[in-house]
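Residues per chain, in single letters:
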There are 4 protein chains.
Amino acid sequence: MIKAAIVGGTGYTGVELMRILSRHPQVELALVTSRTDAGKAVAEVYPSLRGVVDLAFREPDVEALGDNDVVFFATPNGTAMHYARSLLDRGRVVIDLAADFRLRDPGLWQRWYGEPHACPELLEMAVYGLPEVNREQIKKARLIACPGCYPTAVQLGYLPLLHHRLIEVTGLIADCKSGVSGAGRSARLSSLMAETGEGLKAYSVPGHRHQPEICQGLQAMAGKAVELTFVPHLAPMIRGIHATLYARLQEEVDLQTLYEDHYRREPFVDVLPPGSHPDTVDVRGANRCQIAVHRPGDGRQVVVLAVIDNLVKGAAGQAVQNMNLVFGMPETQGLERAGLYP
Amino acid sequence: MIKAAIVGGTGYTGVELMRILSRHPQVELALVTSRTDAGKAVAEVYPSLRGVVDLAFREPDVEALGDNDVVFFATPNGTAMHYARSLLDRGRVVIDLAADFRLRDPGLWQRWYGEPHACPELLEMAVYGLPEVNREQIKKARLIACPGCYPTAVQLGYLPLLHHRLIEVTGLIADCKSGVSGAGRSARLSSLMAETGEGLKAYSVPGHRHQPEICQGLQAMAGKAVELTFVPHLAPMIRGIHATLYARLQEEVDLQTLYEDHYRREPFVDVLPPGSHPDTVDVRGANRCQIAVHRPGDGRQVVVLAVIDNLVKGAAGQAVQNMNLVFGMPETQGLERAGLYP
Amino acid sequence: MIKAAIVGGTGYTGVELMRILSRHPQVELALVTSRTDAGKAVAEVYPSLRGVVDLAFREPDVEALGDNDVVFFATPNGTAMHYARSLLDRGRVVIDLAADFRLRDPGLWQRWYGEPHACPELLEMAVYGLPEVNREQIKKARLIACPGCYPTAVQLGYLPLLHHRLIEVTGLIADCKSGVSGAGRSARLSSLMAETGEGLKAYSVPGHRHQPEICQGLQAMAGKAVELTFVPHLAPMIRGIHATLYARLQEEVDLQTLYEDHYRREPFVDVLPPGSHPDTVDVRGANRCQIAVHRPGDGRQVVVLAVIDNLVKGAAGQAVQNMNLVFGMPETQGLERAGLYP
Amino acid sequence: MIKAAIVGGTGYTGVELMRILSRHPQVELALVTSRTDAGKAVAEVYPSLRGVVDLAFREPDVEALGDNDVVFFATPNGTAMHYARSLLDRGRVVIDLAADFRLRDPGLWQRWYGEPHACPELLEMAVYGLPEVNREQIKKARLIACPGCYPTAVQLGYLPLLHHRLIEVTGLIADCKSGVSGAGRSARLSSLMAETGEGLKAYSVPGHRHQPEICQGLQAMAGKAVELTFVPHLAPMIRGIHATLYARLQEEVDLQTLYEDHYRREPFVDVLPPGSHPDTVDVRGANRCQIAVHRPGDGRQVVVLAVIDNLVKGAAGQAVQNMNLVFGMPETQGLERAGLYP
């Protein structure tokens, strides 16, 4: 059994990690921390976990965390970087669900996250935890940066096209729609149901933190710089990301076959039949990306539709998928595939 | 391994049964029927089940159904009663999620369901599948009538009070709120999102089919006739039932202790701490009833709050719980407890 | 033209007041205050009011407020009571949408609102602004306490029964469901869409501040003490209150005729035909209460269903209705009747 | 007073027309037809219109329709074209909210709507009712084709850029999100709340009927052929369209000034301040398009965000705006500007 700890268990990714780990056959969830709820039973804060998680939240403490084989950080950005060195020194595996180790360039990190990086020397050993791209590296990793929710959907959507150099790398457009849980479990006016329950709007059009992360990934796939316009939207639903991706073909290809071939052996990427329109509700609660690819009017314009659950394949599920790889367990373990429909 | 068939797999209870059975370690889902979708792959109709259920829908056929150990009917009312005799004769277990075998009095059935009962002689052998009341009978049953969604929540809420004869049996009021999946997966104006997405209303106040079913159950608990006013409401959410139950105490009792003691060994009934207010979202996707009991101002009026997921503890989950009992498997098998929050 | 000011214009009742007053033909909205948003244009905070309200929020100031014929308080509880005396001394009309002047007993106020009342001597001159009960008094009032949202729906629902002494006054039950805008426009975890968007729960069952207000009103109608159990629920919609009211008849009466006769001349109370089930969506945005009355199985139990928009007939619309009465304008002026459906 | 008739009053655009016309000071709504609800009172079908519209639905009949000055068709596609000739011969004004007269090319109509056009000879006299483009023609029109909901938002968003020839006309992308009322008031599985309430998906990516309509309009603005990819999405809300429009600048321009100047005198197009993100909820119930224009990273890529209420500026409100122009009334009459927020 692997002993696991979660730092920052009171956000939505934290509670989702608890839900998933609680039924993982080879993991014992041993410790969950929360500064705000320290001392309270997990089940008191989250009645959905009554009888499922019998721990109480504790203050985060490096010593106690260091007793675990793996430590997940479901914390705000800029937290894990203050703990990583100590835990790695103790021989532990660190899996960060926030942004601290996603960008390889500490200068870029500082620009987008507003403070200097606390341990730039660790960035080189950090592995970007997108198994469909980095599986072999992840297996050997000690420090994993789980991708953001938008970056997961966008990168999985573009991967076959960029990997095979089939599209122009300028003029890429990622028009993405997210459910409100993506904004986290914090008390903000803009996340109130009365504000968002019947509205839809774009946000951060001038620049969003996931933009440099996505570009870093797409560039690695393409082997050269890409130009991407990324427009996120807030949609009135709780979970789900729908990425609508646009690109221009530069050579002829059977797109359906390309996608099916590329993802044939991926357990968590599901290419839908020709003509499909994936729906976020079909992956709700599941660690799965469903993708369809279209070419309207058989022109040069490709439209890729990719959906994930932002809290699962976009966060907690993907973190567990990474853990499975690191510890040599079956990649799909604990990650049951059926979503909750309706 | 138990071989299982589902008749009527294209409704919400059917798809939920597939989701649950697909991860049950001792069940092989061998056959799913649907008149409307016969010939189509299950995963084509329900993309959430891609890679999870690899069957195609077939026309219902008694011969083929009779090859299974257990046959679930997730059909409209008035269907199972035409198949039950043949399947029982073949030695199979029949679990009906509709109303055909819930009422013990065929005259009452005819009054509320508008046609004569097709096999009144089977009503006596049918067991009402509410394990918290009938567990021992269920273990020996061959024909099980799963309770309706409202009746499950209302009966579990009143059970400790009636069982111990603590309340007046007149003037009972069950004010219930249901999500829209309770209306089923059929194309009706009144179930459109544009009609229901921002509205709440009562319905069937003059009389609802679940009323006689609830009364039959409450009377069995009380050992005498009860008088109940039952008012169902449609609430703008997908899953969930919230039952708010009112009764008047006729003797002093510590309600919290009463409820905790009564349900202490029940795996799927969870009495919340004093002062709690259960939320339907905390049981979403889980086979669980969460209950709180209040006595405002320490008066004679008791208020019981009980929540379930109408498709799980109110339908498909409870059906599997019954199956587990009939076949001597652990009662909780395949019924993982954590709901999907948020 | 009447000059009007709004104190506390950044909450939901404030913005709704602006929407309504902006199209009132005899009112000039001259001043809107907000401590948090002072200096900002109203239209900057509320883009829905661009081109409709051209004011900027100002700090509240008694001098400036005193230049208006009527001052609406759309503030938190415990605010208006600190301004009322000064404004009344200046000869202005004060209409409070909060609770400061609703309870006639200052001791009761202190018990439920946690601080001593600042001007108990004004309570006697305050008129409870429910026109269907107090129309004549309102016409002569200078200080009006607008009823709470739940109290409006519950009192209008019970009024014909209590006024005519037709029901038992013990064992009354008001099971009420509210949309989330009732919790106000403040950043709270419990009001996040991810928390409430797919859940329904009761709250404050041990005791809610609207309980003594409702009882005070019902007692005045009945001419004696009443015993009421009030259970509010939070439903996943933005606007709307649905009150389901239970009572026991103590003499025979034609309920439909009773209600139709009682409300025949009321412009904002609409008794639906026999057998109806009012829907909150049908009064959304309208200053209207729709009511249906049932007697299931022709027994002694009466079930009244009453719906309002909590921000209109439950707050801002009712406040304008009161203003119309005070200033001798047509009662319905500025209060167009059609709601926004769907 | 203008006498008005509505054909097909039982859909969402029909009921919205009734809501708007009922408070128009110069219109008498004299006749509303419905094949399905003929004989029923309007207020019986739509309780929100009780006391507002006192008509009963009648069977459609050319004679009776011909007694009105203006006849609105809120019917399915392919209906108005069978009535238009007779009504025009009687000297009446016909305003069609469906697609019958939107496309100038009857061959294109047949291709997208699946049947030959019934009166191709009328297409030339039909005026496309987008006042911001065709105001002068509309004033003289007798037969008006109201634009579709998507086409309204997309064309208003692109108009300043195309009119001034500032963008490349290839590679245009319109990524649009619509609320579910856009699918109409018909009983379809795909419009059930249980299906759509927590999901978001694209649809008709291979080709949507609004595509040729949009292209026809954009081409007229640009004076040459345009190449547009149009991807509509269904979002889990009732009303609203959010169009996210992409284009590439071909010369330098101050976009904010361009948009503000272009729309300065338009009563129903509202250009938001720099950096804004319009929200569909801010135009809910209002005949208004709110627009923001962005240029992320000051590159060549322009992102235009445009929101409307699909039932108002995208249908019924725009139809009334057209009527006002035709009959020489103030363009804004009866079209109050404040939306219903929250």
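Scroll up a little and you will see the structure.
Residues numbered from 1 in each chain as written. Chains lettered and ligands numbered in written order. Predicted model: local features only at pLDDT ≥ 70, side-chain atom pairs only at ≥ 80, totals over all residues.

**Here we look at the interface of chain B and chain C**
Here is step 1 of the chain: Each partner contributes residues to the interface: chain B has 38 residues there, and chain C has 38 residues.
Here is step 2 of the chain: Taken together, the residues of the side of chain B that touches chain C break down into 19 nonpolar, 12 polar and 7 charged. (Contact = placed C-beta atoms within 7 Å. Nonpolar A, V, L, I, M, F, W, Y, C, P; charged D, E, K, R; others polar.)

**Thoughts on the relation of the copies chain A and chain D**
Here is step 1 of the chain: Note on the identical chains: chain A maps onto chain D by a rotation of 180° and an axial translation of 0.0 Å, with an RMSD of 0.0 Å. Such a turn and shift between the copies fits a two-fold axis. Relative to the rotation axis, the C-alpha of P236(A) is the closest in chain A, positioned 3.0 Å from it.
Here is step 2 of the chain: Both copies contact each other with a shared surface, as 100% of the interface residues of chain A are interface residues in chain D too. (Least-squares fit on C-alpha atoms with pLDDT ≥ 70 in both.)

**Structural notes on the environment of A84(D)**
Residue and element names in this part refer to chain D.
Here is step 1 of the chain: Mapped onto the secondary structure, A84 falls in helix 4 (residues 84-89).
Here is step 2 of the chain: Along the chain, A84 and E251 lie 167 residues apart, while their C-alpha atoms are 45 Å from each other.
Here is step 3 of the chain: Not counting residues within four places of it along the chain, the set of residues in contact with A84 comprises V94, C119, L122 and L143. (Helix = DSSP H or I, 4+ residues; strand = E, 2+ residues; numbered from the N terminus.)

**A few points about the interface of chain A and chain D**
Here is step 1 of the chain: Facing the 38 residues of chain A at the interface are 38 residues of chain D.
Here is step 2 of the chain: Of all the secondary-structure elements, those providing two or more residues to the side of chain A that touches chain D are strand 7 (172-178), helix 8 (193-196), strand 8 (201-202), strand 9 (228-234), strand 10 (241-248) and strand 13 (301-308) of chain A.
Here is step 3 of the chain: Along the lines of polarity and charge, the residues of the side of chain A that touches chain D split into 19 nonpolar, 12 polar and 7 charged.

**Here's the deal with the sheet that holds strand 2 (residues 27-33) of chain C**
Remark on secondary structure: sheet strands pair via backbone hydrogen bonds, oriented parallel or antiparallel.
Here is step 1 of the chain: Read from one edge to the other, the open sheet built from 6 strands follows the order 2-1-3-4-6-5 (chain C), with strand pairing classed as parallel. Each edge of the open sheet carries a strand with a single partner, namely strand 2 and strand 5 (127-128) of chain C. (Pairing = 2+ DSSP bridges.)

**A few points about the pairing of strand 13 (residues 301-308) of chain B**
Residues and elements named next belong to chain B.
Here is step 1 of the chain: The buried fraction of strand 13 amounts to 8 of the 8 residues, a majority that puts the element mostly inside the structure.
Here is step 2 of the chain: Alternating positions in strand 13 separate into two faces, Q301, V303, L305 and V307 on one and V302, V304, A306 and I308 on the other, with burial throughout.
Here is step 3 of the chain: In the sheet, strand 10 (residues 241-248) pairs with strand 13 via 8 bridges, with the strands oriented antiparallel. Its bridge partner being in strand 13, A243 is matched across the sheet by A306.
Here is step 4 of the chain: With 5 bridges connecting them, strand 12 (residues 289-294) and strand 13 associate as antiparallel partners. Within strand 13, the position partnered with I291 by the bridge is A306.
Here is step 5 of the chain: Between strand 12 and the antiparallel strand that follows it, strand 13, lie 6 residues; G297 among them carries a positive phi value of about 65°. (Buried ≥ 20, exposed ≤ 12 C-beta atoms within 10 Å, placed from the backbone.)

Fair warning: the whole summary comes from geometry, so function is off the table for now.
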